[in-house]
Amino acid sequence: MQEVRGNGESGLMRIGELSRLTTVSPDMLRHYERMGLLPRPPRSSGGYREYPASAVKRVQAIRAAVWLGFGLDELAQAFRMRDEGGAPCSLVRALAGRKLEGIEEQLRELTRHKKLLEDVLSDWDDRLTEVAPGTRLGLLDALAAQRGIAAVSASRPRQERFGRRKPQREMK
């Protein structure tokens, strides 16, 4: 981790420096501000944002939490609570617990998916050994008749089974 010193005697840094230190674009940093993830920094006499050194740690915490699956809205709620003097630890723990439950469900779904694919491959291998090379067997057409696959594919689209990130909306 790089030591943060800030520019000038004030110990504050502009958005470009914060961006460089955190590898988060200035546009994303401004988005974090709009959502309440980063407190609005004071402005210089020239109108530039002046972030304290502590902003680096906050941005790093945001990025780590997003990587773990937290949504920006969830993080904004926790940071708002913390910034108002509260202790969001129970909220954060509960959110992380729900993330883990979601991952466990995805793993169960992937395990079922893996088993179905293994069964399909085994069936196809058996079919392929019974015919001369180059013979059309209609393997893809056979999927419709394969128990379990047609029902799963029709019941829920892949996006629903494995999740799709919701677009983040701005807080106004």
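Thresholds, definitions, all that
- By convention here, each chain's residues receive numbers from 1 onward along its written sequence.
- Since the coordinates come from a predicted model, pLDDT governs what is reported: local features require at least 70, and pairs of side-chain atoms require 80 or more to be given and counted, while whole-chain, interface and lining totals use all residues.
- To obtain the side-chain values, all non-hydrogen atoms of the structure were included, while hydrogens and water were left out.
- Helix and strand assignments follow DSSP, with helices taken as H or I runs no shorter than four residues and strands as E runs no shorter than two, numbered in order from the N terminus.
- With a 1.4 Å probe rolled over the protein chains alone, any residue whose accessible area is under 20% of its type maximum counts as buried; one over 50% counts as exposed, and the rest are partly exposed.
- In this analysis, two residues are considered to be in contact whenever any of their non-hydrogen atoms come within 4.5 Å of each other.
- Note on areas: Shrake-Rupley, 1.4 Å probe, and residue coverage restricted to the protein chains presented here.
- Fitted lines through C-alpha atoms give the axes, limited to the stretch in contact for helices. The angle between two N-to-C directions lies from 0 to 180 degrees.
- Orientation labels follow simple angle bins: below 35 degrees gives roughly parallel, above 145 gives roughly antiparallel, 65 to 115 gives roughly perpendicular, and whatever is left gives oblique.
- Handedness of a crossing is defined here by the sense of rotation of the near helix relative to the far one, left-handed for an anticlockwise turn of less than a right angle and right-handed for a clockwise turn.
- In this classification, Asp, Glu, Lys and Arg are treated as charged, Ala, Val, Leu, Ile, Met, Phe, Trp, Tyr, Cys and Pro as nonpolar, and every other residue, Gly included, as polar.
- Note on aromatic contacts: the rings of Phe and Tyr and the six-membered ring of Trp form a pair at centre separations within 6.5 Å, being stacked when their planes are under 30 degrees apart, edge-to-face when over 60 apart, and tilted otherwise.
- Two limits define a charge over a ring: the Lys NZ or Arg CZ must be within 6 Å of the ring centre, and within 35 degrees of the ring normal.
- Patch membership needs two things, relative accessible area over 30% and no salt bridge, and members are linked within 9 Å if like-charged or within 5 Å if nonpolar (Val, Leu, Ile, Met, Phe, Trp, Tyr).
- Here, a salt bridge means any side-chain nitrogen of Lys or Arg that lies within 4 Å of a carboxyl oxygen of Asp or Glu.
- Throughout, the arc means that of the directions going from the helix axis to the C-beta atoms.
- Under the convention used throughout, the expected extent of a helix is 1.5 Å for every residue step, that is, one less than its residue count.

**Focus on the overall build of the protein chain**
In step 1: Counting its regular elements, the protein chain contains 8 helices and 0 strands.
In step 2: Moving toward the C terminus, one meets the helices and strands of the protein chain in the order α-α-α-α-α-α-α-α.
In step 3: Sorting the 172 residues of the protein chain into buried and exposed places 26% on the buried side.
In step 4: Within the protein chain, contacts between residues separated by at least 24 positions form 52% of all contacts whose residues are at least 6 apart in sequence.
In step 5: About 12,200 Å² of surface is accessible on the protein chain, with carbon and sulfur atoms providing 54% of the total.

**Considering the packing of helix H1 (residues 15-22) against helix H3 (residues 54-68)**
In step 1: Where H1 contacts H3, the two axes come as close as 10 Å, and the packing angle between them is 50 degrees. Here H1 is positioned oblique relative to H3, judged by the angle of their axes. At the point where H1 passes H3, the crossing takes the right-handed sense. Only Ala55, Val56 and Val59 of H3 make contact with H1, whose side of the interface consists of Leu18, Leu21 and Thr22.
In step 2: Among the residues forming the contact of H1 with H3, the class breakdown is 5 nonpolar, 1 polar and no charged.

**Some remarks on the packing of aromatic side chains**
In step 1: Following the criterion strictly, the structure yields 0 aromatic pairs and no others.
In step 2: One cation-aromatic arrangement involves Lys99 over Phe70; the distance from NZ or CZ to the ring centre is 5.8 Å.

**Re the environment of Ser90**
In step 1: With respect to the element layout, Ser90 can be found in helix H5 (residues 89-129).
In step 2: The exposed category is assigned to Ser90, whose relative accessible area is 60%.
In step 3: The sequence separation of Ser90 and Ala78 amounts to 12 residues, and the corresponding C-alpha distance is 9.8 Å.

**Describing a nonpolar patch on the surface**
In step 1: Together, Leu100, Ile103, Leu107 and Leu110 make up a nonpolar patch on the protein surface, roughly 360 Å² of accessible area in all.
In step 2: Looking at the element boundaries, Leu107 is found in helix H5.

**As for H1**
In step 1: Burial in H1 covers these residues: Ile15, Leu18, Ser19, Leu21 and Thr22. All buried residues of H1 project into a common sector of 165 degrees when viewed along the axis, lining one side.
In step 2: Elements in contact with the buried residues of H1: helix H2 (26-35) and H3.

**Structural notes on H3**
In step 1: Compared with the 21 Å implied by 1.5 Å per residue over 15 residues, the 22 Å span of H3 between its first and last C-alpha is a close match.
In step 2: Turning to H3, its buried residues are Ala55, Val56, Arg58, Val59, Ile62, Ala65 and Val66.
In step 3: Taken together, the buried residues of H3 touch H1, H2 and helix H4 (72-83).
In step 4: Looking one or two residues past H3, Gly69 carries a phi angle of roughly 115 degrees, positive in sign.

**Overview of the packing of H1 against H2**
In step 1: Put simply, H1 and H2 touch, their axes get as near as 9 Å, and they point 105 degrees apart. What the angle tells us is that H1 and H2 run roughly perpendicular. Of the residues in H2, those touching H1 at Ile15, Leu18 and Ser19 are Pro26, Leu29 and Arg30.
In step 2: Looking at the contact of H1 with H2, its residues break down into 4 nonpolar, 1 polar and 1 charged.

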